[in-house]
Each structure stands twice: as structure tokens, then as C-alpha cells.
Amino acid sequence: SNVTSLQANLASFIGRTESVMALQEVNSSAAQCKQIRATLKRHSKFFTWGQTRKDSDAVSENRGGGCAFITSRPTIQPPLALDLSDDEAVRCHSVFLQLAHGGVACFVSIYLWGKSTPHSTELNNALLLKVQEWAYALGRIPVFVCGDFNLDISDSEVVSQMKAFG
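Since this is a predicted model, take the numbers as computed values, not measurements.

(A) Looking closely at helix H4 (residues 120-137). Given a rise of 1.5 Å per residue, 18 residues ought to cover 26 Å, and the 26 Å separating the end C-alpha atoms of H4 matches this to within 8%. The complete set of buried residues in H4 reads Ser-120, Asn-124, Leu-127, Leu-128, Val-131, Gln-132, Trp-134 and Ala-135. End-on view of H4: buried residues confined to an arc of 165°, all on one side of the axis. For H4, the exposed residues set more than 90 degrees away from the buried face come down to Glu-122 and Ala-137. After H4 finishes, the residue Gly-139 shows a positive phi value of roughly 75°.

(B) Inspection of the side chain of Asn-124 at higher detail. For Asn-124, the location among the structural elements is in helix H4. Residue contacts for Asn-124: discarding those within four places in its chain leaves Leu-112, Trp-113, Phe-149, Asn-150 and Leu-151.

(C) Spatial organisation of the nonpolar core. Ranked by internal contacts, the top residues of the largest apolar core, which has 20 residues, are Cys-92, Val-108, Ile-110, Leu-127, Leu-128, Val-131 and Trp-134. Every element with two or more residues in this core is listed here: strand S5 (92-98), strand S6 (104-111), H4 and helix H5 (157-165). Of the residues forming this core, the biggest block, 4 residues, is contributed by H4. Counting 13 residues, the second largest nonpolar core, distinct from the first, contains Leu-6, Phe-13, Leu-23 and Leu-40.

(D) Region of interest: the pattern of salt bridges. Scanning all chains against the criterion turns up 2 salt bridges. Residues Arg-16 and Glu-18 are paired through a salt bridge, measuring 2.8 Å at the closest nitrogen-oxygen approach. The shortest N-O distance in the salt bridge between Glu-88 and Lys-130 comes to 2.7 Å. Of the two residues, Glu-88 sits in helix H3 (residues 86-89) while Lys-130 sits in helix H4, which places them 42 residues apart along the sequence.

(E) Broad picture of the pairing of strand S1 (residues 20-24). For S1, a buried count of 4 out of 5 residues is recorded, marking the element as mostly surrounded by other parts of the structure. Direction of pairing for S1 relative to strand S3 (residues 67-71): antiparallel, over a ladder of 5 bridges. Looking at S3, one finds that Val-20 is bridged to Thr-71.

(F) Focus on helix H2 (residues 30-42). Taking 1.5 Å per residue, 13 residues should reach 18 Å; H2 reaches 19 Å between its end C-alpha atoms and fits that length. If you follow the buried residues of H2, they end up packed against helix H1 (10-14), strand S2 (46-49) and S3. Phi turns positive one or two residues past the end of H2, at Ser-44, with a value near 60°.

(G) Examining unusual backbone geometry more closely. Positive phi, normally seen in glycine, also occurs at Ser-44, with a value near 60°. The residue Ser-44 is located in the loop between H2 and S2 in this model. By relative accessible area, Ser-44 is classed as exposed at 53%. With a phi close to 65°, His-119 is a non-glycine residue in the positive phi region. Examined against the element boundaries, His-119 turns out to sit in the loop between S6 and H4. For His-119, a relative accessible area of 59% corresponds to the exposed category.

About the criteria used
Residues numbered from 1 in each chain as written. Predicted model: local features only at pLDDT ≥ 70, side-chain atom pairs only at ≥ 80, totals over all residues. Heavy atoms only, no water. Helix = DSSP H or I, 4+ residues; strand = E, 2+ residues; numbered from the N terminus. Expected span 1.5 Å × (residues − 1). Buried < 20%, exposed > 50% of the residue type's maximum accessible area, 1.4 Å probe, protein only. Arc of directions from axis to C-beta. Contact = heavy atoms within 4.5 Å. Core = buried A, V, L, I, M, F, W, Y, C linked by side-chain atoms within 4.5 Å. Salt bridge = Lys/Arg side-chain N within 4 Å of Asp/Glu carboxyl O. Pairing = 2+ DSSP bridges.

Take it as geometry only, folks, not as evidence of what the structure does.
Below is the structure:
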């Protein structure tokens, strides 16, 4: 999902039955994110968001991360952290979930830079490459990468490699 105003559309998420919903462009303040988490928890859903974003274009001074997840079960501590710069961390957020059969899966929500950003292709490929290398390092843990890629994925060598890997 690409959600510009999660707060305004929260009711539509509560009744959904998906185990994991990856969100991009959440654009909620930290206080709104806490309120969203409390509301979803009352409905047996869990909410986690990425690194806080502070910039001149923010709706409020302290805006929640651009990426978030709504899950049907709590997240667990990652076995290996994804090492990102501050600029990358507001655009990439990962969660690990215990699966019903006892295994673990990782989900990554990415909000890549748009074409109006200078050097967006290089920035996007660098972030995707970090995620790819990290996914390889996780070994047998399945990693699902979802997001707002803001690129033609057929033109990205990194995405092609990720698709080939499975």
C-alpha cells in the first residue's frame, strides 16, 4: 500500500485479514503513529514504523518514518540488523515475524527515491543492493521485499538479480 494519510484511512485497515501489510509514504507524526499503534492493538493488530524523518517538507516537525507495517502477530527481534544511513533508514524498514509452523520470515518495506531526485537511480540501486546483500547474509530466512519502487523494475540490475534469486 502507498498511504499518504494512514490516520484518515485507519478504519479501512482494521477489518483486513492479511497477515502483513507493508506501507509506504505513511507521513504521520510520531504522536499519530503511537495513536495508530494503540488503535490497531485493540483490534489484535500490530503496527511498527521506520526511522523518524525530520525535514523541511515534513507535515510536522517530527514525522513518523515513511515505511511501516501492520501485522497480525507481533514482530520479533531480527537475527541480523540491516545497516542503513539515516537517509536510507527513513525509506526502508524491515520486520521479522514468527510463522505459524515455527519458522521465521522477514518483510522489507521500501520507498525509493523518485526520478525528480538527483541521482535517484544510483541511490535506489545502492539501497536495493544493501537489502540484497543483507538478505543473502540472513541465509535460509525468506525475505519479502515490497514497496513503492519509483522505477521501472525491468531497468534495475539489482531488482533483476533479486528476482533471479527468488
